[in-house]
Amino acid sequence: MAKAKYSTWIRRNRIVMFACIVTVLLLFSLLPINLIVRIVSAVILIPFIYILFVLLYTYYQFSSFGGNYQSKIHDIIVSYITKRSGKLLDIGTGSGSLIIKAAKALPKVEAIGIDYWGSDWGGYSPQLCESNASIEGVADKVKFIQGSASKLPFADGEFDMVVSCLTFHEVRDERDKARLLKEALRVLKKGGEFVFMDLFYDKHRFGNLKELIQQLNVSEVEIVKLDKAIKLPRLLLIKQCLGNAAIIRGVKG
């Protein structure tokens, strides 16, 4: 029986890139060449080894053959959805894991997943999403379209629910994250609910979180630090990984 393939949040091409850098620096530090070149290469090598280790470790922890934390986090997001019917939008659907979980847990929901599927994310594609939805038995309930989170191709108030997981900080064609979140809420009906998970405590990307929330027309807002919603391995809680992650859930006013 075919098995769904869900890519992780860690880009494999990034792992390959750092592995190549480590290999080159290691060679320069070991080859019988100029001593200064060898010493400099060895010094530069240390942080790259650390980065490669973190990438490999997080890739393992996010994957289904490792800690499976990516799937577990998606389960938490789905569990926060209280509506049992209507239209649901997943912004940044990736390989379809989150929206497929929602479609399986909420059989009366009609779901749409949107993603830019840029070349930087080599493992993600609409074809992969459609294949996964078919394998999981929800192909008739889920639709996938290509587009940007900065300009959603939907009418105002079209959806009853909007979810997103680790997408907003990746959007490059809109630097103003308040505008980006407002665009996500624009397509949500009044009284509709949203569940967003992202690196919201990263001030460099999102600014002051309370001020960000105040700019949105929402009510019943709850902010949950991710490590309070799920117990994570210590290394996943560094700032370069999920240390700044939080879930924002609420209702559009």
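Everything numeric here is computed off the predicted structure, so don't read it as measured data.

Some remarks on the environment of Gly 67
Among the secondary structure elements, Gly 67 is positioned in the loop between α2 (35–62) and α3 (69–79). Look at Gly 67 and you get buried, because its relative accessible area is 15%. Counting along the chain gives 10 residues from Gly 67 to Tyr 57, while the straight-line C-alpha distance between them is 9.9 Å. With residues up to four places along the chain from it excluded, the contact list for Gly 67 reads Tyr 60, Gln 61 and Lys 72.

Quick word on the packing of helix α1 (residues 12–30) against α2
Describing two packed helices takes the angle between their axes plus the distance from one axis to the other. At a minimum axis separation of 8 Å, α1 and α2 run at an interaxial angle of 155 degrees. With respect to each other, α1 and α2 are oriented roughly antiparallel. The crossing of α1 and α2 is left-handed. Split into classes, the residues belonging to the contact of α1 with α2 amount to 20 nonpolar, two polar and three charged.

Section: the packing of aromatic side chains
Taken as a whole and judged by the stated rule, the model has nine aromatic pairs. Relative to Phe 62, the ring of Trp 9 has its centre 5.0 Å away and its plane inclined at 70 degrees; by these criteria the two rings are edge-to-face. You can see Trp 9 sitting in the segment before α1 and its partner Phe 62 sitting in helix α2, a full 53 residues away along the chain. Since its relative accessible area comes to 14%, Trp 9 is described here as buried. Between Tyr 59 and Phe 65, the ring centres sit 6.2 Å apart and the planes meet at 55 degrees, which makes this aromatic pair tilted. Accessibility expressed as a relative area gives 56% for Phe 65, which makes it exposed. Through a chain of ring-to-ring contacts, three or more aromatic side chains come together here, namely Tyr 59, Tyr 60 and Phe 65. Geometry around Tyr 69 places Lys 72 over its ring, the cationic atom sitting 4.5 Å from the centre. For the cation-ring pair, Lys 87 lies above Phe 159, with the distance from its terminal atom to the ring centre recorded as 5.0 Å.

Here is what the cut-offs are and how they apply
Residues numbered from 1 in each chain as written. Predicted model: local features only at pLDDT ≥ 70, side-chain atom pairs only at ≥ 80, totals over all residues. Heavy atoms only, no water. Helix = DSSP H or I, 4+ residues; strand = E, 2+ residues; numbered from the N terminus. Buried < 20%, exposed > 50% of the residue type's maximum accessible area, 1.4 Å probe, protein only. Contact = heavy atoms within 4.5 Å. Axes fitted to C-alpha atoms, helices over the stretch in contact; angles between N-to-C directions. Parallel < 35°, antiparallel > 145°, perpendicular 65-115°, else oblique. Left-handed = near helix turned anticlockwise from the far one by under 90°. Nonpolar A, V, L, I, M, F, W, Y, C, P; charged D, E, K, R; others polar. Phe/Tyr/Trp six-rings, centres within 6.5 Å; stacked < 30°, edge-to-face > 60°. Lys NZ or Arg CZ within 6 Å of the ring centre and 35° of its normal.

Keep in mind these numbers describe shape, not what the thing actually does.
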